[in-house]
Amino acid sequence: MLIKKLQDKMDVLAHSDLLRHKWIAQSQTGTQQILLNSSETNPSKQTLFCSNDYLGFASHPDILCALKDGIDRWGGGSGASHLISGHMGPHEALEVKLSELFARLIPDNRCLTFSTGYMANLAVMTVLGDADSEIFSDELNHASLIDGIRLCKGKVNIYKHRDYDALAQLLDKSTADVRLIVTDGIFSMDGDRANVEVLQKLAHKYDAWIVVDDAHGYGVIGGEGLGSLEVEQSINGRMILVGTLSKSAGLSGAFVVAHQTIIDYIFQTARTYIYTTAPLPAISYALLKSLDLMHGDEGRQRRGHLRVLEQHLRCGLSDLVDEYSNAGLSISDSVSPIQAVIVGESQRAIDLSDGLSELGFRVPGIRPPTVPIGTSRIRVTLSADHSINDVDRLMDAFRILFKKTI
Ligand SMILES: Cc1ncc(COP(=O)(O)O)c(C=O)c1O
């Protein structure tokens, strides 16, 4: 019965063009990768426009060297959860470093690290979202925030994407003891940015706190690479920042930086911190190197190149969308290395993605439930390791496919 039931459900997904497939990478993360599509037998070399390795740090020789060095010094697994015996020197050093990095943006802060961003978001939302709280969440927040919110005990309000007037009206009606505004910093499927400065004004006015998931902003935007908070003019207090170390930092893990009492309480009570084995210390050790590079000259230079690529990609795509103006295409309002080409129906996104793959580019089609129904898209992400020529070649491939299919 169970097998039949599950097969029937998958048949429904297949019928709606929503079945997911695996790609098996046969070489390390980079802008060129050997990939095997699970439905094919021969791997092919593809130019990747889909990883979150924004700075190209997943293959940075100094970071890989630090990872090997970390294993030599600190061995393999941590052997236990943080609060038993798994919390080792490099874990602590990473938390201290992140806390110092954000000291000017989040005063009186402390930092707590997690194995993944997903776990960090579950921790923040379940710990802070108790029965006395009320949550105000942007409708396009990441799935891990949404799942954390689903586990909250407080009342939940979803506001229209970046509609801060609607948010203000909801806040105005709230009588809860604690109000939590929850938002992505850079939204993962469109690449647009929350207006954290406006959110902070609302937080002051309505005595609320703001949870910002800056998975796609940290390391990528801001002069020093500190992300969405750094690009705003005035940020002070009322911030609970979540960042990931799996994207621009090139390795894995996540962190939360907030007022020390908030972090102390998360440390005491978060189940995704307490009941899981601490990550390999070598990863934290190598992350220290990654952060040095990210917030130093090299990070600055790589972010500068990303900005040039983003501009070039956006101009190219917007010309293409104008050229095929009757084709029902649009591009997202991006200010980041994430750029969506919205095509509408799922099958169209699959066809375009398959066509790009045949031409040697891995650019995924993103479909519901990851994005709202009717907004399936091709999601392009850039890395500082791409060249202008890579972007031009991608544009040529889009043009070939648009000519053929539209
Ligand atoms: C906005 C956002 N938050 C959190 C996460 C989860 O991070 P991690 O991959 O470290 O679990 C992701 C990952 O894709 C993300 O895009």
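Note that this is a predicted model, so its numbers are computed, not measured. (Residues numbered from 1 in each chain as written. Predicted model: local features only at pLDDT ≥ 70, side-chain atom pairs only at ≥ 80, totals over all residues. Heavy atoms only, no water.)

### Some points on the overall build of the protein chain
A count of helices and strands for the protein chain gives 15 helices and 15 strands. Its C-alpha atoms give the protein chain a radius of gyration of 22 Å, within 12% of the compact-globule value 22 Å for 406 residues. In terms of its C-alpha atoms, the protein chain occupies a principal-axis envelope of roughly 60 × 55 × 55 Å. Placing the 39 positive and 49 negative side-chain charges of the protein chain at their respective mean positions leaves the two points 3 Å apart. (Helix = DSSP H or I, 4+ residues; strand = E, 2+ residues; numbered from the N terminus. Rg over C-alpha atoms; globule rule 2.2 N^0.38 Å. Lys, Arg positive; Asp, Glu negative; His and termini not counted. Charge placed at Lys NZ, Arg CZ, Asp CG, Glu CD.)

### Thoughts on the site of the ligand
Lining the immediate environment of the ligand, one finds 14 residues, of which Gly117, Tyr118, Asp213, His216 and Lys247 sit closest. Between the ligand and the protein, one listed contact pairs an oxygen atom with a side-chain N or O atom of His142 at 3.5 Å. A distance of 3.2 Å separates an oxygen atom of the ligand from a polar side-chain atom of Lys247. Considered on its own, the ligand offers 390 Å² of accessible surface; in the complex 81% of this is hidden by protein. (Near = heavy atom within 4 Å. Polar contact = N/O pair within 3.5 Å; in protein donor to acceptor, adjacent residues only side chain to side chain. Areas by Shrake-Rupley, 256 points an atom, 1.4 Å probe, with all protein chains shown as cover.)

### Here's the deal with the sheet that holds strand E9 (residues 239-244)
Ordered by their spatial adjacency, seven strands build an open sheet running E4-E10-E9-E8-E7-E5-E6, and the pairing between neighbours is mixed. Edge positions in the open sheet fall to strand E4 (109-114) and strand E6 (155-159), since each of these has one partner strand only. Averaged over all pairs of adjacent strands, the angle between their axes in this sheet comes to 20 degrees, without regard to strand direction. As defined by bridge partners, E4 adjoins strand E10 (residues 254-259) across six bridges and the pair is classed as antiparallel. Directly across from Asn109, in E10, lies its bridge partner His259. Each of E4, strand E5 (133-138), strand E7 (178-184), strand E8 (208-213), E9 and E10 is contacted by helix H5 (residues 117-128), which is oriented at about 160 degrees to E9, the strand it contacts most. Docked against the sheet, helix H7 (residues 164-173) engages E5, E6, E7 and E8, running at close to 155 degrees with respect to E6. (Pairing = 2+ DSSP bridges. Axes fitted to C-alpha atoms, helices over the stretch in contact; angles between N-to-C directions. Contact = heavy atoms within 4.5 Å.)

### Some words on the nonpolar core
Inside soluble globular proteins, nonpolar side chains tend to come together where they are buried. Counting residues in hydrophobic clusters, the biggest one holds 79 residues, and the most contacted among them are Phe102, Tyr218 and Phe398. Both domains that furnish three or more residues to this core are identified here as domain 1 (2-48 + 300-405) and domain 2 (61-295). Counting residues in hydrophobic clusters, the runner-up holds 27 residues, among them Ile149, Leu180, Val182 and Tyr273. (Core = buried A, V, L, I, M, F, W, Y, C linked by side-chain atoms within 4.5 Å. Buried < 20%, exposed > 50% of the residue type's maximum accessible area, 1.4 Å probe, protein only. Domains from an automatic or database assignment.)

### Some points on the sheet that holds strand E3 (residues 44-48)
Strand order in the open sheet formed by four strands is E1-E2-E3-E13, and the pairing between neighbours is mixed. Looking at which strands have only one partner, the edges of the open sheet turn out to be strand E1 (23-25) and strand E13 (361-362). Pairing geometry for strand E2 (residues 32-37) and E3, over four bridges, is antiparallel. Residue pairing for E3: Leu35 is matched across the bridge by Ser44.

### Describing H5
Compared with an ideal rise of 1.5 Å per residue, which puts 12 residues at 16 Å, H5 spans 16 Å between its outermost C-alpha atoms and is within 8% of the ideal. The element H5 is largely enclosed, with a buried count of 10 among its 12 residues. (Expected span 1.5 Å × (residues − 1).)

### Some details on the pairing of strand E12 (residues 338-344)
For E12, the buried fraction is high: seven of the seven residues fall into the buried class. Note: strand E11 (residues 330-331) against E12, two bridges, orientation antiparallel. The residue of E12 that forms the bridge with Ile331 is Val341. The hairpin formed by E11 and E12 contains six residues between the paired strands. Sheet analysis places E12 next to strand E15 (residues 376-381), joined by six bridges and oriented antiparallel.

### Quick word on the pattern of salt bridges
This structure, assessed with the given rule, holds 20 salt bridges. As a salt-bridge pair, Glu232 and Arg193 come within 3.0 Å of each other at their nearest N and O atoms. Of this pair, Glu232 sits in the loop between helix H9 (228-231) and E9 while Arg193 is found in the loop between E7 and helix H8 (196-205), placing the two residues 39 residues apart along the sequence. Accessibility expressed as a relative area gives 11% for Glu232, which makes it buried. By relative accessible area, Arg193 is classed as partly exposed at 26%. (Salt bridge = Lys/Arg side-chain N within 4 Å of Asp/Glu carboxyl O.)

### Some words on the domain arrangement of the protein chain
The domain architecture assigned to the protein chain consists of domain 1 (2-48 + 300-405) and domain 2 (61-295). Using only C-alpha atoms to locate each centre, domain 1 and domain 2 end up separated by 28 Å. Opposite the 20 residues of domain 1 that make contact, domain 2 presents 21 residues. With both chains or domains summed, domain 1 and domain 2 bury close to 1,400 Å², and 50% of this area falls on carbon and sulfur atoms. Counting the contacts that link domain 1 with domain 2 gives two salt bridges. (Buried area = accessible area lost by both parts, 1.4 Å probe.)

### So, the packing of helix H4 (residues 89-101) against helix H12 (residues 281-294)
Two elements in contact, H4 and H12, have axes whose closest approach is 8 Å; the angle formed by their N-to-C orientations is 30 degrees. Judged by the inter-axis angle, H4 sits roughly parallel to H12. Helix-helix and strand crossings are classified by hand; for H4 and H12 the assignment is left-handed. From H4, Pro90, His91, Ala93, Leu94, Lys97, Leu98 and Leu101 reach across to H12, where they touch Pro281, Ser284, Tyr285, Leu287, Leu288, Leu291 and Asp292. (Parallel < 35°, antiparallel > 145°, perpendicular 65-115°, else oblique. Left-handed = near helix turned anticlockwise from the far one by under 90°.)

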